[in-house]
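If you want the building blocks of each chain, they are given just below.
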Amino acid sequence: MPDAIADKIGAVETRFGITLHNHQSLALRALAEGKNVILHSPTGSGKSVVFQGAPEVLPNRGVTVVLYPLRALVKDQTRRAEELGLSSVTLYGDTPTKDRPELYERIASGETKMLLTTPETFDRNRKLQDALRTCGVSLLVVDEAHAYEEWADGFRPTYRNAGFIAEKVGVKQFLLCSATLTVNGYRNATATLKRPNW
């Protein structure tokens, strides 16, 4: 019997010009099956390939939203997305006001497949949330998910609010990525995101 998911994963390999590692293929397959996924693998093991390739395999239509703890990571991934020819939007607190309406429209219309942003922007930007509700959010990715252990109860409470905003904009699936996520961090993250099944 033909394996439609394997075909989609193969399309990711073709698009990126790589052969996926086993942990990447397994994560993409789980996402394609509609599951929430925790990807715990070492730094440099290609976790970003999974969420960059996710729009090719996800069962639900909508944008993939990626939350990064640091602006430097957003900028780096924006550059990588451009190199790969991925349709993406980058948005954070100091994005020029004059540029924002066009970005919101690209998101709401479904033109873009990936939004790269920070927890603060995801939490506080109401116009962004309206655009996300319009297009639908197929996947919410929390990169460097160990931040739930380090920061959620401290100076970055927006991590705590991510589950509420995710419900508000209708997130379908979640992907947590980390090289150092502990059991306590896992419990904090899954409880905060209000998704018990992983």
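Being a predicted model, the structure only gives us computed values, none of them experimental.

Our focus in this paragraph is the overall build of the chain. Assigned secondary structure in the chain consists of ten helices and six strands. Relative to the 2.2 N^0.38 estimate, which gives 16 Å for 198 residues, the radius of gyration of the chain is 16 Å and therefore close to what a compact globule would have. For the chain, buried positions account for 52% of its 198 residues. Here the contacts in the chain between residues at least 6 apart in sequence split such that 74% fall between residues at least 24 apart. In the chain, the 25 positive side-chain charges and the 22 negative ones have mean positions that sit 4 Å from each other.

How two helices sit against one another is set out by the angle between their axes and by the gap between those axes. The geometry of helix α1 (residues 4–16) relative to helix α2 (residues 22–32) is characterised by a closest axis approach of 10 Å and an angle of 130° between their N-to-C directions. With respect to α2, the element α1 is oriented oblique. α2 is crossed by α1, and the crossing has right-handed handedness. In this structure, α1 uses I5, A6, I9 and V12 to contact α2, whose residues at the interface are S25, L28, R29 and A32.

This part covers the packing of helix α7 (residues 126–135) against helix α9 (residues 158–169). Packing of α7 against α9 leaves a shortest axis separation of 8 Å and a crossing angle of 45°. With respect to their mutual orientation, α7 and α9 come out oblique. Contact with α7, carried on its side by R126, Q129, L132 and R133, involves I165, K168 and V169 of α9 and no other residues of that element. The class makeup of the residues in the contact of α7 with α9 is three nonpolar, one polar and three charged.

Below, the discussion takes up the pairing of strand β1 (residues 37–40). Alternating residues of β1 divide into V37 and L39, all buried, and I38 and H40, none buried. Where β1 and strand β6 (residues 171–178) come together, four bridges link them in parallel fashion. Looking at β6, one finds that I38 is bridged to L176.

Right, let's get into the nonpolar core. Counting residues in hydrophobic clusters, the biggest one holds 30 residues, and the most contacted among them are L31 and L175. If you list the elements that add at least two residues to this core, you get α1, α2, β1, α3 (47–53), α4 (71–84), β4 (114–117), β5 (137–142) and β6. For this core, the element with the highest residue contribution is α2, accounting for five residues. Apart from residues lying up to four places away in sequence, L175 is in contact with L31, V37, L39, V50, F51, L139, L140, V141 and V142. Counting 29 residues, the second largest nonpolar core, distinct from the first, contains L67, L128, V137 and L140.

What counts and what doesn't
- Residues numbered from 1 in each chain as written.
- Predicted model: local features only at pLDDT ≥ 70, side-chain atom pairs only at ≥ 80, totals over all residues.
- Heavy atoms only, no water.
- Helix = DSSP H or I, 4+ residues; strand = E, 2+ residues; numbered from the N terminus.
- Rg over C-alpha atoms; globule rule 2.2 N^0.38 Å.
- Buried < 20%, exposed > 50% of the residue type's maximum accessible area, 1.4 Å probe, protein only.
- Contact = heavy atoms within 4.5 Å.
- Lys, Arg positive; Asp, Glu negative; His and termini not counted.
- Charge placed at Lys NZ, Arg CZ, Asp CG, Glu CD.
- Axes fitted to C-alpha atoms, helices over the stretch in contact; angles between N-to-C directions.
- Parallel < 35°, antiparallel > 145°, perpendicular 65-115°, else oblique.
- Left-handed = near helix turned anticlockwise from the far one by under 90°.
- Nonpolar A, V, L, I, M, F, W, Y, C, P; charged D, E, K, R; others polar.
- Pairing = 2+ DSSP bridges.
- Core = buried A, V, L, I, M, F, W, Y, C linked by side-chain atoms within 4.5 Å.

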